[in-house]
Amino acid sequence: MSTFKWATLLFAAAIVPVSACGGGSSGGSGGGTVSPPPSSSSSSSSSSSSSSSASSSSSTSVTHSGQVPAGYNLVWSDEFNAEGLPDESNWLYDTEANRTGWYNNEKQYYAVRRAENSKTEGGVLKITAFKETITAADHGGQAYTSARLITRGKREFTYGFYEIRAKMPCGVGTWPAIWMLGTTAGWPDGGEIDIMEHVGQTPNKVFGTIHNRSTFGTWGVGAEKALPEACSAFHNFQIEWTDAKIDFFIDGEKYHTYANAGTGNAQWPFDKPMYLLLNMAIGGDMAGPVDDTIFPRTFEIDYVRVYQKL
Ligand SMILES: [Ca+2]
């Protein structure tokens, strides 16, 4: 989730071999995790739906957007219909850099199971950032709180059509993101797909970007799209990821393509499982200075849906 990642990488590399963006793929717990192939992923998803609540059962009542390409079937979604903390059968809280400070010079502390920072309410996941310093065992002195929810080890996928409906928080200093990281290698070798990034200092546009070994030291390969209502209305942020390319869409309109050049992992690590991340960073290289008068700010996600060809 960082176009300015290279700067932090140079900084971070001197300390510890982490991924920039939050990378956490740094191997983290995801290392070695292998997601099931599409077919079994589907069956496990549906089999679990009978026993778990909100997310799975909701898949039977999903009203599709009409923007899903032909041939795809829903294999997993979280509609955020349950009230309360996020469903931990789908999500875990990423806290790996709380004590050391997050990548890209970001200024937030990511809280765990703290409803102020992450909750589902009215069918929407709300990730809210505050200007506050809280007491926590892993606190690194940050002046802001927020949340970073990831599906690592729980819901991992290779290929498919991904549709996330969300509304941006806006406010100068906010940096919400919807993105994916590879599970089988650290950053950047595992790859990163930024399905959507937005920063409050440029409220009327969003960004779609990829990062991998071949883009290391750059801002990644991406595109931006004007979206005047990013902060006032929900929009569908989408990718179609195949073995040949990744197409980026907003509300069904394609605005960027990254193609597989057939030259191997450095350019195309996107043939292995990846997990999803939803977070709101505060400040940092891409978001810039923070306007402390904006808080609290909420990043709202209506649903996350994953479709695959079965
Ligand atoms: Ca919803």
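One can find the structure itself at the top, above this paragraph.
It should be emphasised that the depicted structure is a prediction, and the values quoted were computed from it without experimental measurement. (Residues numbered from 1 in each chain as written. Predicted model: local features only at pLDDT ≥ 70, side-chain atom pairs only at ≥ 80, totals over all residues. Heavy atoms only, no water.)

**Things to note about the overall build of the chain**
Tallying secondary structure elements over the chain gives three helices and 18 strands in all. For the chain, with 310 residues in total, the buried portion stands at 55%. If you sum the accessible surface of the chain, you get close to 11300 Å²; carbon and sulfur atoms cover 53% of it. (Helix = DSSP H or I, 4+ residues; strand = E, 2+ residues; numbered from the N terminus. Buried < 20%, exposed > 50% of the residue type's maximum accessible area, 1.4 Å probe, protein only. Areas by Shrake-Rupley, 256 points an atom, 1.4 Å probe, with all protein chains shown as cover.)

**Quick notes on the packing of aromatic side chains**
Counted under the stated rule, the structure contains 17 aromatic pairs. A ring pair is formed by tyrosine 258 and phenylalanine 270, whose centres lie 6.1 Å apart and whose planes are at 90°; its orientation type is edge-to-face. Taken together, the residues span a long stretch of sequence, with tyrosine 258 in strand β16 (residues 253–259) and phenylalanine 270 in the loop between β16 and β17 (274–282) at a distance of 12 residues. Like phenylalanine 270, tyrosine 258 is buried. Ring pairing ties together the aromatic residues Trp76, Phe80, Trp91, Phe157, Tyr159, Tyr162 and Trp241, which thus form one cluster. Here the guanidinium or amino end of lysine 131 rests over the ring plane of tyrosine 144, the centre of that ring lying 5.9 Å away. (Phe/Tyr/Trp six-rings, centres within 6.5 Å; stacked < 30°, edge-to-face > 60°. Lys NZ or Arg CZ within 6 Å of the ring centre and 35° of its normal.)

**What about the nonpolar core?**
Counting residues in each nonpolar core, the largest one holds 48 residues, and the members touching the most others are Tyr162, Ile193, Ile195, Phe237, Trp241 and Ile301. Residues within four places of tryptophan 241 in sequence aside, it is in contact with Phe157, Thr158, Tyr159, Gly160, Tyr162, Met180, Ile193, Ile246, Trp268, Phe270, Lys272 and Met274. Of all hydrophobic cores here, the second largest spans 10 residues; its members include Ala97, Trp102, Phe207 and Ala287. (Core = buried A, V, L, I, M, F, W, Y, C linked by side-chain atoms within 4.5 Å. Contact = heavy atoms within 4.5 Å.)

**Examining the state of the cysteines**
If you walk through the whole model with that rule in mind, you get one disulfide. Through a disulfide, cysteine 170 is tied to cysteine 231; the S-S separation comes to 1.6 Å. Of this pair, cysteine 170 sits in the loop between β9 (160–167) and β10 (174–182) while cysteine 231 sits in the loop between β13 (221–226) and β14 (235–241); the two residues are 61 residues apart in sequence, bridging distant segments of the chain. Since its relative accessible area comes to 10%, cysteine 170 is described here as buried. (Disulfide = S-S within 2.5 Å.)

**Overview of unusual backbone geometry**
The omega torsion of the bond from tryptophan 187 to proline 188 falls at 5°, within 30 degrees of zero and hence cis. Phenylalanine 295 connects to proline 296 through a cis peptide bond whose omega is -5°. Mapped onto the fold, proline 296 is located in the loop between β17 and β18 (297–308).

**Some remarks on the coordination of the calcium ion**
Coordination angles at a metal have ideal targets, namely 109.5 degrees for four tetrahedral donors and 90 or 180 degrees for six octahedral donors. The protein atoms donating to the calcium ion are Glu79 (O), Gly123 (O), Asp302 (O) and Asp302 (OD), with metal-donor distances spanning 2.3 to 2.4 Å. Read in sequence order, the donor residues for the calcium ion give the motif E-x43-G-x178-D. Pair noted here: glycine 123 is in the loop between β4 (118–121) and β5 (124–131) and aspartate 302 is in strand β18, with a separation of 179 residues, a long-range link. Residue glycine 123 is classed as buried on the basis of its relative accessible area of 13%. (Donors = N, O, S within 2.8 Å, 3.2 Å for Na, K, Ca; no water.)

**Focus on the pairing of β14**
Burial runs high along β14: seven of the seven residues are buried. Because side chains alternate across β14, one face comprises the buried residues His235, Phe237, Ile239 and Trp241, and the other comprises Asn236, Gln238 and Glu240, equally buried. Sheet topology note: the β9/β14 ladder contains seven bridges and is antiparallel. Residue pairing across strands places arginine 165 opposite asparagine 236, the latter belonging to β14. Taking the residues between adjacent antiparallel strands as the criterion, β14 and strand β15 (residues 245–250) are bridged by three residues. (Pairing = 2+ DSSP bridges.)

**Topic: the pattern of salt bridges**
Going through the model one piece at a time under the given rule, you end up with 15 salt bridges. In this structure, lysine 126 engages glutamate 121 in a salt bridge whose closest nitrogen and oxygen atoms are separated by 2.7 Å. With a relative accessible area of 31%, glutamate 121 lands in the partly exposed category. In this structure, the salt-bridge partner of glutamate 253 is lysine 225, at a minimum N-O distance of 3.7 Å. Of this pair, glutamate 253 sits in strand β16 while lysine 225 sits in strand β13, and the two are 28 residues apart along the sequence. Of the residues examined, glutamate 253 reaches a relative accessible area of 46% and is grouped as partly exposed. (Salt bridge = Lys/Arg side-chain N within 4 Å of Asp/Glu carboxyl O.)

Geometric values such as these leave the question of function open.
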